[in-house]
Amino acid sequence: VIKLDNKGKILQCNQISNDIFKEHIEDKSWISLCPDLTKNEFLKIIKNYDLTQLESEIYSKFYLFTYYNRPDQGIVYVYGSDITERKKFEEKLIESKEKYRNMFESIEDVYAEVSIETGIILEITSMKSGRSYLICTRSRTNTSMDLMRA
């Protein structure tokens, strides 16, 4: 937890805040310590009466800072959460998504969309051409195969 004046000067902080920055940070400028926070963004926080959240990378760790402006007191409280693990997971998820998208788009064959309820193939799409075809409609008594370009 960090307490700032409305100019961004650190008035008070807990030991964990000092540990994050690897130095004693009281009386320093929050804007100069927080690399992803610009002066304009801080001014927006000062004008905003709601909570504001911004992410920042500090010494190879990611933090989510929640700013709580108290204009009646001329101070801003900053609450930080370490989100490094979440950011690593997000990166892996993006890499995985791109890996499977590239693999999927390079397949020479087709894929099929199948109804979970009925097991009926609803649509087949060619991965190379990107063309889709509606394949099958079914009633309780009759199954018809219609090949139509979607």
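Up top you'll find the structure we're talking about.
To start, this report covers the structure provided alongside it. (Residues numbered from 1 in each chain as written. Predicted model: local features only at pLDDT ≥ 70, side-chain atom pairs only at ≥ 80, totals over all residues. Heavy atoms only, no water.)

1. Here's the deal with the overall build of the protein
1) Next: Each helix and strand in the protein was counted, giving four helices and nine strands.
2) Next: In sequence order, the secondary structure elements of the protein are arranged as β-β-α-α-α-β-β-β-α-β-β-β-β.
3) Next: Sorting the 150 residues of the protein into buried and exposed places 29% on the buried side.
4) Next: Counting contacts in the protein only where the partners sit at least 6 residues apart, residues at least 24 apart contribute 20% of the total. (Helix = DSSP H or I, 4+ residues; strand = E, 2+ residues; numbered from the N terminus. Buried < 20%, exposed > 50% of the residue type's maximum accessible area, 1.4 Å probe, protein only. Contact = heavy atoms within 4.5 Å.)

2. As for the pattern of salt bridges
Pairs can form between side chains of opposite charge once their charged atoms are near each other.
1) Next: In the structure shown here, the tally under the stated rule is nine salt bridges.
2) Next: Of the charged contacts, one joins E23 and K28 as a salt bridge, the two residues approaching to 2.4 Å between their closest N and O atoms.
3) Next: For K28, a relative accessible area of 32% puts it in the partly exposed group.
4) Next: Among the ionic pairs, E55 bridges to R86, the shortest N-O distance being 2.7 Å. In this pair, E55 is assigned in strand β3 (residues 52-58) and R86 in helix α4 (residues 84-106), connecting sequence segments 31 residues apart.
5) Next: It is possible to trace a salt-bridge network through shared partners that takes in E55, R86, K87 and E90. (Salt bridge = Lys/Arg side-chain N within 4 Å of Asp/Glu carboxyl O.)

3. With respect to helix α3 (residues 39-47)
1) Next: Residues of α3 that are buried include every one of F42, I45 and I46, and no others. On an axial view of α3, the arc spanned by its buried residues comes to 100°, and they lie on one face. In this structure, α3 carries N40, K44 and K47 as exposed residues pointing more than 90 degrees from its buried face.
2) Next: Those residues of α3 hidden inside the fold are in contact with β1 (2-5), α2 (30-33), β3, β4 (61-70) and β5 (75-82). (Arc of directions from axis to C-beta.)

4. Things to note about the pairing of β5
1) Next: Pairing analysis gives four bridges linking β1 to β5, with the strands arranged antiparallel. Note that in β5 the partner of K3 across the bridge is Y77.
2) Next: In the sheet, β4 pairs with β5 via eight bridges, with the strands oriented antiparallel. Note on β5: the bridge partner recorded for Y67 is V78.
3) Next: Linking β4 to β5, which pair antiparallel, is a turn of four residues; within it G74 sits at a positive phi near 70°. (Pairing = 2+ DSSP bridges.)

By themselves, these figures tell us nothing about what the structure is for.
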